Amino acid sequence: MPLLNEEEIRRYSRQIIVPEFGVAGQMKLGKGKVLVVGAGGLGSPVALYLAAAGVGTIGLVDMDVVDLSNLQRQVIHGTGDVGRPKVESAAEKLRRLNPHVYVETHHVAFGPDNAMDLLAPYDVVVDAVDNFHARYLLHDASYLAGKPLVEAGVLRFEGLMTTVVPRKGACYRCVFPEPPPPGTIPTCQEAGIIGPIPGVMGTLQAMEVIKLLTGIGETLSGRLLIFDGLGASFREVAIARNPKCPLCGEHPTIKDLSGHAAGWVCPPPAPPATP
């Protein structure tokens, strides 16, 4: 394993001196490969903090382009990026932040036809999507591929997250077996989101990834963390593996991705109104 050079030691010095982390932790990060699916509100802080921390390879998946309405919360993008593919805009910022990090961009829709190929090279997956269709597809694909998944969701003033480690505790479907019926839960486009909420949750996701890659601390596996931005409070709910879970239960019915229709990271834009 190559040693850190002088510039890297200076760059990462504040985390290297943490006793539980040290040079060994830094070198594990340097070998790590993380796929962030979604380069928006959650993906922005996740990718920025992972790059700053020195994760060796960061993959970005998003088919969308930067819109002016994104900038209130998607802090990796700027006004000059409007109209650019999000993965290109984000990759540029990450490379500028830390040239030691290798950034791979995938300007594609995340779907059942390419999910397993996209996940294959990576050690950890981050759920930074913004709709249930993509969330369940990503969750199932990560579980079937044996990849730890750090999940989070945000809406208005609230956020929730958990970490799913395949075959070690509960999965997302143990708690929420099926996606909610269309229209029952509004999207951020419909209900809104306060910008710092995905910032808080995305930062926590980055910390979960660092723990998974280095083996330090305790992850959120088996726990659901809920953040109330208005009350400035966190609460935690223990979640147990459900033996009847369709994915990880004793008699699973989900064994591949054939039950998923074509997926996407962001819903396609609405058609223009008819005059």
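Treat the numbers as computed from the prediction; the structure is a model and nothing was measured. (Residues numbered from 1 in each chain as written. Predicted model: local features only at pLDDT ≥ 70, side-chain atom pairs only at ≥ 80, totals over all residues. Heavy atoms only, no water.)

Novice: What's the story with the overall build of the protein chain in this structure? I'm lost.
Specialist: Scanning the protein chain from terminus to terminus reveals ten helices and eight strands. Computed over the C-alpha atoms, the radius of gyration of the protein chain is 18 Å, within 12% of the 19 Å expected from 2.2 N^0.38 for a compact globule of 275 residues. Considering only C-alpha atoms, the protein chain reaches an extent of 60 × 50 × 40 Å along its principal axes. For the protein chain, with 275 residues in total, the buried portion stands at 49%. For the protein chain, contacts bridging at least 24 residues in sequence account for 68% of all contacts bridging at least 6. On the protein chain, roughly 13,300 Å² of surface is accessible, and the fraction owed to carbon and sulfur atoms is 59%. (Helix = DSSP H or I, 4+ residues; strand = E, 2+ residues; numbered from the N terminus. Rg over C-alpha atoms; globule rule 2.2 N^0.38 Å. Buried < 20%, exposed > 50% of the residue type's maximum accessible area, 1.4 Å probe, protein only. Contact = heavy atoms within 4.5 Å. Areas by Shrake-Rupley, 256 points an atom, 1.4 Å probe, with all protein chains shown as cover.)

Novice: Any chance you could explain the nonpolar core here in plain terms?
Specialist: Across soluble globular proteins, nonpolar side chains have a tendency to be buried as a group. The biggest cluster of nonpolar side chains holds 37 residues, and the ones touching the most others in it are Val 34, Val 36, Leu 50, Ile 58, Leu 60, Leu 94 and Val 209. Broken down by secondary-structure element, the contributors of at least two residues to this core are β1 (33–37), α4 (43–53), β2 (57–61), α5 (86–97), β4 (124–127), β5 (149–155), α10 (196–214) and β7 (223–228). For this core, the leading source of residues is α10, giving six residues. With residues up to four places along the chain from it excluded, the contact list for Val 36 reads Gly 43, Val 46, Ile 58, Gly 59, Leu 60, Val 61, Val 126 and Ala 128. Counting residues in each nonpolar core, the second largest holds 16 residues, with Leu 119, Val 129, Leu 138 and Leu 149 among its members. (Core = buried A, V, L, I, M, F, W, Y, C linked by side-chain atoms within 4.5 Å.)

Novice: Is there a simple way to think about the packing of aromatic side chains in this case?
Specialist: Geometry of an aromatic ring pair is reported as the spacing of the ring centres plus the angle between the planes. Summed over all chains, the structure comprises three aromatic pairs. Aromatic side chains Tyr 136 and Tyr 172 sit 5.4 Å apart centroid to centroid with 75° between the ring planes, which places their arrangement in the edge-to-face category. Highlighted residues: Tyr 136 in helix α7 (residues 132–145) and Tyr 172 in helix α8 (residues 172–175), separated in sequence by 36 residues. The two residues Tyr 136 and Tyr 172 agree in class, both being buried. On the basis of an interplanar angle of 50° and a centroid distance of 5.1 Å, the ring pair of Tyr 172 and Phe 176 is categorised as tilted. A relative accessible area of 30% means that Phe 176 is categorised as partly exposed. (Phe/Tyr/Trp six-rings, centres within 6.5 Å; stacked < 30°, edge-to-face > 60°.)

Novice: I would appreciate a short explanation of a nonpolar patch on the surface in the present structure.
Specialist: A surface patch of nonpolar side chains, about 280 Å² in accessible area, is lined by Phe 157, Ile 194 and Leu 230. The residue Ile 194 is located in the loop between α9 (188–191) and α10 in this model. (Patch = residues over 30% accessible without salt bridge, like charges linked within 9 Å, V, L, I, M, F, W, Y side chains within 5 Å. Salt bridge = Lys/Arg side-chain N within 4 Å of Asp/Glu carboxyl O.)

Novice: Just to check I follow, could you spell out the pairing of strand β6 (residues 158–164) for this structure?
Specialist: Two faces make up the sheet, and in a regular strand the side chains alternate between them. With five of seven residues buried, β6 lies mostly within the body of the structure. Sheet topology note: the β5/β6 ladder contains seven bridges and is antiparallel. Bridging from a neighbouring strand, Val 154 pairs with Gly 159 of β6. Note: β6 against β7, four bridges, orientation antiparallel. Its bridge partner being in β7, Met 161 is matched across the sheet by Leu 225. (Pairing = 2+ DSSP bridges.)

Novice: Help me understand the environment of Phe 176, please; the structure alone is not making it clear to me.
Specialist: Within the secondary structure, Phe 176 sits in the loop between α8 and α9. Sequence-wise, Phe 176 and Cys 245 are 69 residues apart; in three dimensions their C-alpha atoms are separated by 9.3 Å.

Novice: Please explain the side chain of Thr 219 as it appears in this structure.
Specialist: With respect to the helices and strands, Thr 219 occurs in the loop between α10 and β7. For Thr 219, a relative accessible area of 16% translates into the label buried. Here Ser 221 takes part through its backbone nitrogen, which lies 3.2 Å from a polar atom of the side chain of Thr 219. Excluding residues that lie within four positions of it along the chain, Thr 219 makes contacts with Thr 163, Glu 208, Lys 211 and Leu 212. (Polar contact = N/O pair within 3.5 Å; in protein donor to acceptor, adjacent residues only side chain to side chain.)

Novice: Explain unusual backbone geometry here, please?
Specialist: The phi torsion of most residues other than glycine is negative, and most of the peptide bonds are trans. One non-glycine residue, Arg 156, adopts positive backbone phi at about 55°. Counting through the fold element by element, Arg 156 comes out in the loop between β5 and β6. Although it is not a glycine, Ala 232 sits at a positive phi angle of roughly 50°. By the element assignment, Ala 232 lies in the loop between β7 and β8 (233–238). Judged by its relative accessible area of 65%, Ala 232 is exposed.

Novice: Is there a simple way to think about the pattern of salt bridges in this case?
Specialist: Between side chains of opposite charge, pairing is possible as soon as their charged atoms come close. As enumerated under the stated definition, the model contains twelve salt bridges in all. Between Arg 135 and Asp 127 there is a salt bridge, and its shortest N-O distance comes to 2.7 Å. For the residue pair Arg 135 and Asp 127, the accessibility class agrees, reading buried in each case. Taken together, the salt bridges that share partners define one network made up of Asp 81, Arg 84, Glu 92, Lys 93 and Arg 96.

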